[in-house]
Amino acid sequence: RQEVVRKDFPEKEAAWDTADYALYLTATSRGPIDGVVKELADKIVAGKTSVYDKAKAIYDWICINMFRDPETKGCGPGDVCSLLLKPGGKCTDIHSVFVSLCRASGVPAREVFGIRQGKNENEDITAWQHCWAEFYLPGYGWVPVDPADVLKMMLKYKLELDDPKTKEYQD
């Protein structure tokens, strides 16, 4: 796949009908949108009114409050309630939390699963599974986000939250 970079977001949110995105606003078996998830989502997005501002607040919260756990098997099971108690995991875990918090905040969101592509033409990528999240920005489209990769780079390079390189990855 080719890297998707989205920028130049609209200043004003377009009108939209939540019914058109109902599938991306509902709970899943491991990703509730009520109870503790809803309570946390409401705290994170307090004072935010636009879809973009809510999604950005949740993204930032994930980057600050979760961590990459190299001991997690595979990409992780994505059990959001367990992850709120122990906020460490890999890409499925981290993005499942992002998606649930977004949905609990009224932001359409989904996880996308795939394979990382190698930089070389002939490379063994059979163990390069990865997922990322996307949120729907009305009037713009689906916006990919990958807080799991921010957390992976922080672990790999032993970066702290206040390190300029962490900010670069997060941006």
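Use the structure listed above.
Not measured: the values here are computed from a predicted model. Think of each chain on its own: its residues are numbered from 1, step by step along the sequence as written. pLDDT decides what is reported in this predicted model: residues at 70 or higher carry local features, side-chain atom pairs at 80 or more are listed and counted, and totals for whole chains, interfaces and linings draw on all residues regardless. In computing side-chain properties, one takes all heavy atoms of the structure into account and sets aside hydrogens as well as water.

### Regarding unusual backbone geometry
It is generally the case that most residues other than glycine have a negative phi and that most peptide bonds are trans. Positive phi, normally seen in glycine, also occurs at D8, with a value near 60°. Secondary structure elements follow DSSP: runs of H or I no shorter than four residues count as helices, runs of E no shorter than two count as strands, and numbering proceeds from the N terminus. Along the chain, D8 turns up in the segment before α1 (35-44). Despite not being glycine, K158 shows a phi value in the positive range, around 55°. Within the fold, K158 resides in the loop between α5 (147-156) and α6 (164-170). On the basis of relative accessibility, which here comes to 71%, the residue K158 falls in the exposed class. Type-normalised accessible area, obtained with a 1.4 Å probe on protein chains alone, sets the label of each residue: buried when under 20%, exposed when over 50%, and partly exposed for intermediate values.

### Observations concerning the layout of surface pockets
Reported here for the largest pocket is a volume of approximately 1400 Å³. Think of a 1 Å grid over the protein atoms and nothing else: a 1.4 Å probe that fits but is trapped marks a cavity, an open set flanked by protein within 12 Å on at least five of seven lines marks a pocket, and residues with an atom within 4 Å of a point count as lining. Every residue lining the largest pocket is counted, 33 residues in all, and those nearest its centre are E3, V4, V145, D146 and D149. Looking at which element gives the most residues to the lining of the largest pocket, the answer is α5, with five residues. Residue polarity is assigned by list, with Asp, Glu, Lys and Arg as charged and Ala, Val, Leu, Ile, Met, Phe, Trp, Tyr, Cys and Pro as nonpolar; anything else, Gly included, falls into the polar class. Here the residues of the lining of the largest pocket sort into 16 nonpolar, five polar and 12 charged. Looking at the second largest pocket, the residues that line it are R68, G74, C75, K90, C91, R116, A127, W128, Q129, H130, D149 and K152. Within the residue set of the lining of the second largest pocket, elements represented by two or more residues are β4 (129-137) and α5. Residue composition of the lining of the second largest pocket, grouped by class: four nonpolar, three polar and five charged. Grid points are joined across faces, edges and corners, and a volume is the space filled by probe spheres set on the points.

### Let's talk about the side chain of Q170
Within the element layout of this structure, Q170 appears in helix α6. Classification of Q170 as buried rests on a relative accessible area of 14%.

### Quick word on the environment of S82
Within the secondary structure, S82 sits in helix α3 (residues 80-85). Relative accessible area serves as the criterion here: at 40%, S82 is assigned to the partly exposed category. In this structure the C-alpha to C-alpha distance between S82 and E121, which are 39 residues apart in sequence, comes to 39 Å.

### Notes on the pattern of salt bridges
Salt-bridge detection follows one rule: a side-chain nitrogen of Lys or Arg within 4 Å of a carboxyl oxygen of Asp or Glu. Within the structure shown, the criterion is met by six salt bridges. The salt bridge partner of K38 is D42, with a shortest N-O separation of 2.9 Å. Placement of the pair is K38 and D42 together in helix α1, with a separation of four residues, close to one helical turn. By relative accessible area, K38 is classed as partly exposed at 32%. As a salt-bridge pair, E168 and K165 come within 3.3 Å of each other at their nearest N and O atoms. Taken together, the residues E168 and K165, both in helix α6 and three residues apart, mark about one turn of the helix.

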